[in-house]
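A closer look at the structure
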Amino acid sequence: MTISLKAGSSALALSLLASTALAQDLQIENAEWWQEAARSSTA
Amino acid sequence: MVAGGRAQFDGVTLRGVTESTPPSNFVSDVLAPKFEELTGIRVEIETTSWDQMYDKAIKDMEAGTGIYDMVYLEQDIVYAYLARDFLVDVTAALQEHPDLQAPGYDEANFTTFADNFRGENGGLYGTPMEAFIKVYLYRTDLFEDEEIRAAFQEQTGRELEPAKTHEEYAEIAEFFTRWGQEHDLDLWGTTAQAHTGHPASWYEYFESVAPTYGVYDWGIKPDQNYAASVENGGEMNSDEAKAAMTWWLSMRDLAPPESVQSTWTEVATTFAAGRAAQGLVYGENAAWIATDDSQSRVVGEVGVAMPPLEDGVMEDAESGEGYIGYYDGGAFGMPVTSNNQDAALLFMQFMALPEVQEDWAIAGSRITLNSTYDAPRVQEVDAELGGYYTMLRDDGRLFKGAPEYPFHRQLIEATAPIFYQILTGDLEPGEGLDQMAAKSEEELTSLGYRTN
């Protein structure tokens, strides 16, 4: 018995690439607040 | 908690531990790097097996080592964690530190699933990050195939449609397993989460099968002195429980051979590999099975339906007396032993921003904010999935999470060895359930819940 999924190492690599792209593409409203929150206690 | 001054989080690395699931992988692969890009705060999320996740989190919180700033809280274990004061009240922490309250974060945005993570004071002890129901998935390509439909009609005298009863489900399972054999296909009639040495099988029976026979909350009656046996007022070994077990084992015997070693993860991969015509599958996997052709062979061929039920169960669910299946999910909570509580509060709010939910819903079939249901891509996938998200929104109330038992883990550990003997055939189902009910009462007495 074998389970032959399409997901192989190349698919995994593509998935990781997609994840990276997704993180970059994610648009965060109030991005400046988050940047400031990390620098100052009075965000 | 707040140290004050600039660059207060310089060099801070948040560490979390969670089960490796599609929703958690999105946190580690997408949300964590985005958060670091914005704030400079590094977030390392360990995604590991379910067993390891619990082991690591509990040991860290018991010993107070402070390794983890965030731990995965499954709905079924949060009551035990709250009873042991392991977690920070996020609501209270944000009230104490309004400077850390992020714009866009609002507890009111959460679906009612968040209520599972509230303490007695109403405070939220975790950020909900996944929520799904265990649904009946079926292969639309097979169910709509004219040759198959004609053969099914000839053999059974009825139209091939998703089952509404256990009898219908069994008939479909038998038909497709035979169809696979006769046509030399790697196709079976059903999935089964029937691992002989992992609690996943215990969960499938008690959370997804027994309730469909009218046996709720594991057959234990807290208002009857925590009785489990019929003799004392419980239902763990009732006729209905035994019928449910017998039916489920017969389905296991029609399922692919890997089913005896399958947890929830393997059930999903079995279905995605096209090896089962129907099955009860955790909803966190539904979207990728239906839409991701890098992982699934059945893209565009997946339908969603309610689980098969015995008479009276839907009425019980509608009235709130019972439920038709499992509503699972989890949150990220912050141990009181975390050394980076301010930074962790920021990340936990980041996970709950409305603008990160749409992609997360697609990646993990999970929705924790009400607004996510209206997102355009979520609605597209909903159509591809035969209305899974709509079912989650409109019918989620008919499903239920684990009962609010602080003794959750202890009871499973006490009874699972007997349960596995039923699966391996060393015990008859009836005798096995009798033994489990007696063992449950013994354990609950030992833990102080049940009095003689």
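Remember, predicted model here, so these are calculated numbers, not experimental data.

All names here are of chain B. Split into domains, chain B comes out as domain 1 (13-132 + 329-397) and domain 2 (133-319). Just the C-alpha atoms count here: the centres of domain 1 and domain 2 sit 29 Å apart. Contact residues are listed per partner, giving 22 residues for domain 1 and 21 residues for domain 2. Taken together, both faces of the contact between domain 1 and domain 2 bury some 1,800 Å²; the carbon and sulfur share is 63%. Interface area lost by domain 1 to domain 2 is led by Phe132, Leu385 and Met391, which between them contribute 32%. The tally of links between domain 1 and domain 2 comes to one salt bridge. Residue glutamate 318 is joined to arginine 397 by a salt bridge in which the shortest nitrogen-to-oxygen separation is 3.3 Å.

Residues and elements named next belong to chain B. Its location among the elements puts leucine 137 in strand β4 (residues 127-139). Look at leucine 137 and you get buried, because its relative accessible area is 0%. For the pair leucine 137 and alanine 286, spaced 149 residues apart in sequence, the C-alpha separation works out to 8.1 Å.

Attention now moves to the packing of aromatic side chains. Working definition: an aromatic ring pair is given by the centre-to-centre distance plus the angle between the planes. A complete count under the given rule lists 43 aromatic pairs over all chains for this structure. On the numbers, 5.3 Å between centres and 80° between planes, the contact of Trp34(A) with Phe350(B) is edge-to-face. Of the two residues, Trp34(A) sits in helix α2 (residues 31-39) while Phe350(B) sits in helix α13 (residues 341-350), which places them in two different chains. The lysine or arginine in question, Arg366(B), covers the ring of Trp360(B), its NZ or CZ lying 3.7 Å from the ring centre.

Below, the discussion takes up the packing of α2(A) against helix α1 (residues 22-39) of chain B. Between α2(A) and α1(B), whose axes approach to 7 Å, the crossing angle comes to 70°. As summarised for this structure, α2(A) and α1(B) are arranged roughly perpendicular, according to the angle between their axes. Facing Ala31(A), Trp34(A), Gln35(A) and Ala38(A) of α2(A), the residues of α1(B) in contact are Phe35(B), Leu38(B) and Thr39(B).

On to the side chain of Lys34(B). You can see Lys34(B) is positioned in helix α1. Sequence-distant contacts of Lys34(B), defined by excluding residues within four places in its chain, comprise Ala23(A), Gln24(A), Leu26(A), Ile28(A) and Phe350(B).

This part is about the pairing of strand β3 (residues 70-74) of chain B. Residue and element names in this part refer to chain B. Of all five residues making up β3, five are buried, and the element is well covered by its neighbours. Neither face of β3 is left uncovered, since the one carrying Met70, Tyr72 and Glu74 and the one carrying Val71 and Leu73 both have all their residues buried. Strand direction decides the pairing type here: strand β1 (residues 13-19) and β3, joined by two bridges, are parallel. Within β3, the residue paired with glycine 16 across the bridge is methionine 70. Pairing analysis gives four bridges linking β3 to strand β7 (residues 327-333), with the strands arranged antiparallel.

A few words now on the side chain of Gln75(B). Assignment of secondary structure puts Gln75(B) in the loop between β3 and α3 (78-83). Residues within four places of Gln75(B) in sequence aside, it is in contact with Phe113(B), Asn116(B), Phe117(B), Tyr326(B), Tyr327(B), Asp328(B), Gly329(B), Gly330(B), Gly401(B) and Ala402(B).

All names here are of chain B. The end-to-end C-alpha distance of helix α9 (residues 239-252) is 20 Å, a good match for the 20 Å that 14 residues give at a rise of 1.5 Å each. Every buried residue of α9 is listed here: Ala241, Ala244, Met245, Trp247, Trp248, Leu249, Met251 and Arg252. Contacts from the buried residues of α9 go to α7 (166-182), α8 (199-209), α17 (408-424) and α18 (429-446).

What follows deals with the pairing of β1(B). All names here are of chain B. Most of β1 is tucked away, with six of its seven residues classed as buried. Pairing of β1 with strand β2 (residues 42-48), which is carried by seven bridges, proceeds in the parallel orientation. The partner of leucine 14 across the bridge, within β2, is valine 43. Tracing the backbone out of β1, into α1 and back to the parallel element β2 gives a crossover that is right-handed.

Looking now at the confidence of the model for chain B. On average, residues of chain B score 94 in pLDDT, and 98% of them reach the 70 mark or higher. Predicted confidence is poor over residues 1-6 of chain B, with pLDDT under 50, and the contacts of this stretch with residues over four places away or in other chains come to 19 contacts.

A word on the pattern of salt bridges. Residues and elements named next belong to chain B. Within this structure, the stated rule accounts for 23 salt bridges over all chains. Residues arginine 275 and glutamate 258 are paired through a salt bridge, measuring 2.8 Å at the closest nitrogen-oxygen approach. In this pair, arginine 275 sits in the loop between α10 (264-272) and β5 (278-282) while glutamate 258 sits in the loop between α9 and α10, placing the two residues 17 residues apart along the sequence. We classify arginine 275 as buried; its relative accessible area is 3%. Since its relative accessible area comes to 12%, glutamate 258 is described here as buried. For the salt bridge of lysine 439 with glutamate 442, the shortest nitrogen-to-oxygen distance reads 3.3 Å. In this pair, lysine 439 and glutamate 442 are both assigned in helix α18, three residues apart and thus about one turn of the helix distant. A relative accessible area of 27% places lysine 439 in the partly exposed class.

Conventions adopted
- Residues numbered from 1 in each chain as written.
- Chains lettered and ligands numbered in written order.
- Predicted model: local features only at pLDDT ≥ 70, side-chain atom pairs only at ≥ 80, totals over all residues.
- Heavy atoms only, no water.
- Domains from an automatic or database assignment.
- Contact = heavy atoms within 4.5 Å.
- Buried area = accessible area lost by both parts, 1.4 Å probe.
- Salt bridge = Lys/Arg side-chain N within 4 Å of Asp/Glu carboxyl O.
- Helix = DSSP H or I, 4+ residues; strand = E, 2+ residues; numbered from the N terminus.
- Buried < 20%, exposed > 50% of the residue type's maximum accessible area, 1.4 Å probe, protein only.
- Phe/Tyr/Trp six-rings, centres within 6.5 Å; stacked < 30°, edge-to-face > 60°.
- Lys NZ or Arg CZ within 6 Å of the ring centre and 35° of its normal.
- Axes fitted to C-alpha atoms, helices over the stretch in contact; angles between N-to-C directions.
- Parallel < 35°, antiparallel > 145°, perpendicular 65-115°, else oblique.
- Pairing = 2+ DSSP bridges.
- Expected span 1.5 Å × (residues − 1).
- Right-handed = clockwise from strand over helix to strand, strands pointing away.
- pLDDT = per-residue confidence, 0-100.

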